Amino acid sequence: MRTLFDKVWDAHVVSQVENGPQVVYIDKHLIHEVTSPQAFTELEARNIPIFRPDQIVATADHNVPTINQDQPVRDPLSKQQLEQLAINCEKNNITFYGLGHPYQGIVHIIAPELGVTQPGMSMVCGDSHTSTHGAFGAIAFGIGTSQVAQVFASQCLLMNKPKSMRIKVNGKLNPNVQPKDVILYIISKVGTNAGTGYFCEYAGDVFENMSMEGRMTVCNMSIEMGARGGMIAPDETTFAYLKDKPFAPKGEEWDQKVAYWKTLPSDADAIFDVEIEFDAADIYPMITFGTNPGMGISVKDIIPSKDSLSDNEKESFEKALKYMGFQDNQSIINHPIDYVFIGSCTNARIEDLREVANYVKGKQRNENVTAWIVPGSKQVEKQAIEEGLDKIFEASGFKLREPGCSACLAMNDDKVPEGKYCVSTSNRNFEGRQGPNSRTLLASPLIAAAAAIHGKIVDIN
């Protein structure tokens, strides 16, 4: 009577601290330039070696520019962090994909596409959206810098086992509803704290029929409802995606791994601490109107009335609307926008770029909109060019940029100016997330592309 989460977690418990947490082994440790320097410094100061450098993969993503990557990085802090990561990796014999490397890209995009991410693994990274890798049936979650040091030193973590939650979505999705809409809908219904203390398994027709790219988008945003991570059971879709990836098992080992992976799905009689169900027919293309991912509505609906909220909710709701320049009971259809960002570890895979290219082909970007299309990796960029997507973008007034986290979090040159509205395919719309006093509306690649063409929020159905 075990869940997918139970099976993977239990397989990684090294020991139990009496009346305390468990010691959990970590299969893969992903690192980038922002949350690793302090951990390297701590170990060096204590003269502790990196225990398993062969289990670590590093890349440059948060601070990298997304144009002219062949030129020196202009921002002094970004330049220092990128250089320090390269030094630390070379010193400790850690695999590093820096600028210019064909495998460089956003950490949560390169690991799956290279086959580093595999079912049944435990994976961590100093980044909250590590939950992305749960799409493969892995336990994957973000950690803080002190925990990065802990994994460097021991390849283990001290942790209390989270509780289990299952969210089912069955039925047929409406036209133009994308995986991003599904997860935005779920978060809008359950709230941003519903998953606190839980690992969430997504199940039902909708997730079984999703591509791996779609599943990654869903699991990526599990953290936005407070969950420690999200998971989807591995199946034939998973195996087909991983087959022949550079670091996926080969030959006899592949057959052995697949046989094991097939044992991972939750048992039919598995018991979850919480179960929630939704009907796919209730989901339409979504957009956020506030300053957390739970403040979302269908593009065809109006912003809720503040009178429908409790006294505790009203204050933050009114504050969010004031920041965004919206009113309650307002439709945001036809609201003008200034920027569109298509990218991030949520929606910068080849499938996302294909959706955008398919929509914008034969159309022209609105002259009042600045649009950034940022692939998630050099591999995605290469594939987009080979498929001619860059030519479609250029003909429609867009430009395919170079890989990086870009305008997801304003740690690089791609920032949204104060007061400007940006329809973003990223995962967070907090105050100032894309730049000081910028205003972010989260949406799917399709809704973002439509906004770039029309210069405003539109209902594409």
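Residues numbered from 1 in each chain as written. Predicted model: local features only at pLDDT ≥ 70, side-chain atom pairs only at ≥ 80, totals over all residues. Heavy atoms only, no water.

## Notes on the sheet that holds strand β6 (residues 122–125)
Pairing in this open sheet of five strands is parallel, and the strands run β5-β4-β3-β6-β7 from one edge to the other. Each edge of the open sheet is held by one strand with a lone partner, namely β5 (95–97) and β7 (139–142). For this sheet, the mean angle separating the axes of adjacent strands, direction not counted, is 20°. Strand direction decides the pairing type here: strand β3 (residues 28–31) and strand β4 (residues 56–59), joined by three bridges, are parallel. Across the sheet, the residue bridging to isoleucine 31 is alanine 58, located in β4. Across the sheet, helix α5 (residues 145–154) lies against β3, β4 and β6, angled at about 135° from β3, the strand it touches most. (Pairing = 2+ DSSP bridges. Helix = DSSP H or I, 4+ residues; strand = E, 2+ residues; numbered from the N terminus. Axes fitted to C-alpha atoms, helices over the stretch in contact; angles between N-to-C directions. Contact = heavy atoms within 4.5 Å.)

## Details of unusual backbone geometry
Its identity is not glycine, yet serine 344 carries a phi of approximately 85°, on the positive side. One can find serine 344 in the loop between β15 (339–342) and α12 (350–360). Judged by its relative accessible area of 1%, serine 344 is buried. Even without glycine at this site, alanine 410 takes up a positive phi of about 55°. Structurally, alanine 410 is set in the loop between α14 (389–395) and β17 (421–424). Exposure remark for alanine 410: the relative accessible area of 18% places this residue in the buried category. (Buried < 20%, exposed > 50% of the residue type's maximum accessible area, 1.4 Å probe, protein only.)

## Observations regarding the UniProt feature "binding site: [4Fe-4S] cluster" (unreviewed entry) in the protein
This chain's UniProt record puts "binding site: [4Fe-4S] cluster" (unreviewed entry) on Cys345, Cys405 and Cys408. Taken along the chain, the residues just named run across 64 residues; in space they keep tight, none of their C-alpha pairs more than 8.7 Å apart. Note on placement: cysteine 405 falls in the loop between α14 and β17. What makes cysteine 405 buried here is its relative accessible area of 7%. Each residue touching cysteine 405, except ones within four places of it in the same chain, is listed here: Asp61, His62, Ile106, Phe341 and Asn412. Relative to the helices and strands, cysteine 408 is located in the loop between α14 and β17. Assessed through its relative accessible area of 7%, cysteine 408 is described here as buried. When sequence neighbours within four positions are dropped, the list of residues in contact with cysteine 408 reads Phe341, Ser344, Ser426, Asn427, Arg433 and Gln434. (UniProt positions renumbered as here; feature names shortened; annotations may be inferred.)

## Details of the domain arrangement of the protein
Parsing the protein into structural domains produces domain 1 (4–274) and domain 2 (288–457). Computed from C-alpha coordinates alone, the two centres of domain 1 and domain 2 are separated by 24 Å. Contacts between domain 1 and domain 2 engage 43 residues on the former and 42 residues on the latter. Counting every contact that joins domain 1 to domain 2 gives two salt bridges. (Domains from an automatic or database assignment. Salt bridge = Lys/Arg side-chain N within 4 Å of Asp/Glu carboxyl O.)

## Section: the environment of threonine 66
Examined against the element boundaries, threonine 66 turns out to sit in the loop between β4 and α3 (76–91). Its relative accessible area of 1% is what places threonine 66 among the buried residues. Through-space distance from the C-alpha of threonine 66 to that of aspartate 10 is 41 Å; in sequence the pair is 56 residues apart. Beyond its immediate sequence surroundings of up to four residues, threonine 66 is in contact with Val374, Arg401, Glu402, Pro403, Gly404, Ser406 and Asp414. A distance of 2.9 Å separates the side chain of threonine 66 from the side chain of arginine 401, its partner in a polar contact. (Polar contact = N/O pair within 3.5 Å; in protein donor to acceptor, adjacent residues only side chain to side chain.)

## Some thoughts on the sheet that holds strand β8 (residues 156–159)
If you trace the three strands from one edge of the open sheet to the other, you get β1-β2-β8, paired in antiparallel fashion. Every other strand in the sheet has two partners, leaving β1 (13–16) and β8 as the edge strands with one partner each. Strand-to-strand twist of the sheet, defined as the mean angle between neighbouring strand axes without regard to direction, takes the value 25°. Pairing of β1 with strand β2 (residues 22–25), which is carried by three bridges, proceeds in the antiparallel orientation.

## Looking at the pattern of salt bridges
This structure, assessed with the given rule, holds 21 salt bridges. Here glutamate 275 and arginine 166 are joined by a salt bridge, their closest N and O atoms 3.0 Å apart. A residue pair is termed long-range when its members are at least 10 positions apart, and glutamate 275 in strand β12 (residues 274–279) and arginine 166 in strand β9 (residues 163–170) qualify at 109 residues. Here aspartate 390 makes a salt bridge to lysine 391, at a shortest N to O gap of 3.6 Å. A relative accessible area of 10% places aspartate 390 in the buried class. The class for lysine 391 is exposed, based on a relative accessible area of 53%. Here the residues in one salt-bridge network are Arg2, Asp6, Asp10 and Lys161, joined through shared partners.

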